[in-house]
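Analysis of the macromolecular model
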Amino acid sequence: MIKKIVLAYSGGLDTSVILKWLQEKYKVPIIALLADLGQGEDLEDAKERAAKIGAEKVVVKDLKVRFVKDFVFKGLCANAIYEDKYLLATALSRPLIAESLVEVAKEEKADAVAHGCTGKGNDQVRFEISISALAPDMKVLAPVREWELKTREEEMDYAKKHNVPLKTTKEIPYSIDRNLWGVSIECGVLEDPWREPPGEIYQLTTSPEKAPDKPTYLEIDFEDGIPKKIDGKEYKPIDLIAKLNEIGGANGVGRVDHIESRVVGIKSREIYEAPAGRILYLAHKEMENLTLTCQTLEFKALVDKKYSELIYGGMWHSPLKKALDEFIEKTQKNVTGTVRLKLYKGDCIVVGRKSPYSLYSQALATYGKGDIFDQKLAKGFIEILSLPLKVKAKIAPPPKGGVPPKAAKEK
Ligand code: ARG
């Protein structure tokens, strides 16, 4: 028997209907948890509506600072990206919402939590794996997976019948998940992977065609892998991201149109916007290229890929993810310096970089005056490097259908 439920409530159609549905089905108090992750929505309105729908209590948690420091910047230090395209805005938010659900459930002495995910997506996987890791005995309810409401229209009818107040703004025919690291957009006409997304779906970016005809230059300062300044001015983490979303968005930077491989085996068409994410991803990688040895870079790329897959697949709270955190943190020492970028009509390219810990040596690299690299050393280096290939090449190929040759005679 369930005694009390905490629902991850967003104020949208699904979770508004769920709030009512849970009361009808379980007849127990429901706490609505409204997490502020910088989704740019009217939380006051959502809060009022939750109370009207019958939530015993509405808890609003401002998780923005924690989201950036403990999730987004960890992802950034791992150059986290899924299938080379998705900067994981939604995926990074789910383990934090799960943490918050469990915290509120413990505070309120609830024995169950509920979410509004469908049975076809990644978010259910992320929520439920995190909750299992954080509170193994907590019950998890996923009404959308079990109820009879098959379409949005049926949910709307249910809402009308049960006096569930909905957002007054017009519902757009897409599923949109937004936080300060980016926007994920699905459904509607986007389900046709051949069709170009209509301009109306974009929330943060102007189209490259309408972006300014002159490039915008930016300088970003990093300290131990973490971005600190824009054009020499210090920003708090969430303000820094907001500022880059604004500048990037105005230049049409950060749009992605992706066919994605979901955890549950489905390919889906996803549109993403992440202007700040795109800029910081490129800048951070460049900072690493300048300050990490080639061996560290090569090995870290493997770790980064695994780390990204763990985030995507809901394994944020796994022991492996925590172990990789230690490695990544170690590598970020001295990933410090400045990257200069040029933003122009949807494009963002690095055009300059410098660091007090730069491993770039002009004296070694130059083809001009002042060269200190001893070119004669290259001869022996290449000879040893090519030795295995030389040995192999001296073995004569076996005649067709014949026996293999005797071992090559040593000279
Ligand atoms: N496909 C993306 C992911 O799995 C975005 C999911 C968006 N979620 C949503 N509820 N609209 O991370």
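Here's what I pulled together on the structure shown here. Predicted, not measured: the structure shown is a model, and the values here were computed from it.

**Focus: the site of the ligand**
Taken together, 14 residues lie near the ligand, and Tyr86, Asn122, Arg126, Ser175 and Glu260 sit nearest. Between the ligand and Asp123 there is a distance of 3.1 Å, counted from a nitrogen atom to a side-chain nitrogen or oxygen. Between the ligand and Arg126 there is a distance of 2.8 Å, counted from an oxygen atom to a side-chain nitrogen or oxygen. Protein burial of the ligand: of its 340 Å² of free accessible surface, 88% is covered by the chains. Those elements that provide at least two residues to the shell around the ligand are α4 (89–107), α5 (123–134), β6 (175–179), β7 (182–186) and β12 (267–273). Looking at which element gives the most residues to the shell around the ligand, the answer is α4, with three residues.

**So, the side chain of Glu288**
Among the secondary structure elements, Glu288 is positioned in helix α9 (residues 275–291). Under the relative-accessibility criterion, Glu288 is labelled buried at 3%. A polar side-chain atom of Glu288 sits 2.8 Å from a polar atom in the side chain of Lys300.

**Details of the pattern of salt bridges**
Going through the model one piece at a time under the given rule, you end up with 27 salt bridges. Connected via shared salt-bridge partners are Arg94, Asp123, Arg126 and Asp177.

**Here's the deal with the packing of helix α10 (residues 294–312) against helix α11 (residues 319–331)**
It is the contact of α10 with α11, at a shortest axis distance of 10 Å, that shows an interaxial angle of 145°. When the axes of α10 and α11 are compared, the crossing they make is left-handed. Contact with α10, carried on its side by Thr296, Phe299, Lys300, Val303, Lys306, Tyr307 and Leu310, involves Leu320, Lys321, Leu324, Asp325, Phe327, Ile328 and Thr331 of α11 and no other residues of that element. For the contact of α10 with α11, the per-class residue count stands at eight nonpolar, two polar and four charged.

**Remarks on the environment of Lys57**
Among the secondary structure elements, Lys57 is positioned in strand β3 (residues 57–62). Here Lys57 falls in the partly exposed class, since its relative accessible area comes to 38%. Along the sequence, Lys57 and Ile30 sit 27 residues apart, while their C-alpha atoms lie 7.2 Å from each other. Excluding anything up to four places from it in sequence, Lys57 contacts Ile30, Ile31, Ala32 and Glu108.

**Describing the environment of Leu22**
With respect to the helices and strands, Leu22 occurs in helix α1 (residues 13–26). Discounting chain neighbours no more than four positions away, the residues touching Leu22 are Ile5, Leu7, Lys27, Ile30, Ala114, Leu141 and Pro143.

**Examining the sheet that holds β12**
The four strands are arranged β6-β7-β12-β11 in an open sheet whose pairing can be described as antiparallel. Two strands lie at the open edges of the sheet, namely β6 and β11 (255–261), each paired on one side alone. Each strand of the sheet is rotated relative to its neighbour by a mean of 25°, with strand direction disregarded. Strand direction decides the pairing type here: β6 and β7, joined by five bridges, are antiparallel. Residue pairing across strands places Asp177 opposite Ser184, the latter belonging to β7.

**A word on the packing of α4 against α5**
Contact pair α4 / α5: the axes reach a minimum separation of 9 Å and the direction vectors enclose 45°. Here α4 is positioned oblique relative to α5, judged by the angle of their axes. Viewed along their axes, α4 and α5 form a crossing whose handedness is right-handed. Along its contact with α4, which presents Thr90, Ala91, Arg94, Pro95, Ile97, Ala98, Glu99, Leu101, Val102 and Lys106, the element α5 presents Asp123, Arg126, Phe127, Ser130, Ile131 and Leu134. In the contact of α4 with α5, the residues fall into nine nonpolar, two polar and five charged.

**Focus: the sheet that holds strand β4 (residues 112–114)**
The strand order across the open sheet formed by five strands is β3-β2-β1-β4-β5, and the pairing between neighbours is parallel. Of all strands in the sheet, those bounded by a partner on one side alone are β3 and β5 (139–141). Going from strand to strand, the sheet's axes swing by 25° on average, the running direction of each strand aside.

**Digging into α4**
Taking 1.5 Å per residue as the helical rise, α4 with its 19 residues ought to reach 27 Å, and the 28 Å between its terminal C-alpha atoms agrees with that figure. Of all 19 residues that make up α4, 16 are buried, and the element is covered over most of its length. Lys109, located one to two residues past α4, shows a positive phi value of around 55°.

**Some points on a nonpolar patch on the surface**
Together, Tyr217, Ile349 and Val351 give the surface a local cluster of nonpolar side chains, amounting to about 240 Å² of exposed area. Its location among the elements puts Val351 in strand β14 (residues 347–354). Residue Val351 is classed as partly exposed on the basis of its relative accessible area of 36%.

**Regarding a negative patch on the surface**
On the surface, a cluster of negative charge is contributed by Glu148, Glu153, Glu154 and Asp157. If you trace the backbone, Asp157 turns up in helix α7 (residues 152–161).

**Looking at the side chain of Asp221**
Looking at the secondary structure, you find Asp221 in strand β8 (residues 216–223). The charged side chain of Asp221 is buried without a salt bridge, its nearest counter-charge being Lys229 at 4.3 Å. Once residues lying within four places of it in the same chain are set aside, the contact partners of Asp221 are Ile226, Pro227, Lys228, Lys229, Gly337 and Thr338.

Criteria and cut-off values
- Residues numbered from 1 in each chain as written.
- Predicted model: local features only at pLDDT ≥ 70, side-chain atom pairs only at ≥ 80, totals over all residues.
- Heavy atoms only, no water.
- Near = heavy atom within 4 Å.
- Polar contact = N/O pair within 3.5 Å; in protein donor to acceptor, adjacent residues only side chain to side chain.
- Areas by Shrake-Rupley, 256 points an atom, 1.4 Å probe, with all protein chains shown as cover.
- Helix = DSSP H or I, 4+ residues; strand = E, 2+ residues; numbered from the N terminus.
- Buried < 20%, exposed > 50% of the residue type's maximum accessible area, 1.4 Å probe, protein only.
- Salt bridge = Lys/Arg side-chain N within 4 Å of Asp/Glu carboxyl O.
- Axes fitted to C-alpha atoms, helices over the stretch in contact; angles between N-to-C directions.
- Left-handed = near helix turned anticlockwise from the far one by under 90°.
- Contact = heavy atoms within 4.5 Å.
- Nonpolar A, V, L, I, M, F, W, Y, C, P; charged D, E, K, R; others polar.
- Pairing = 2+ DSSP bridges.
- Parallel < 35°, antiparallel > 145°, perpendicular 65-115°, else oblique.
- Expected span 1.5 Å × (residues − 1).
- Patch = residues over 30% accessible without salt bridge, like charges linked within 9 Å, V, L, I, M, F, W, Y side chains within 5 Å.
- Lys, Arg positive; Asp, Glu negative; His and termini not counted.
- Charge placed at Lys NZ, Arg CZ, Asp CG, Glu CD.

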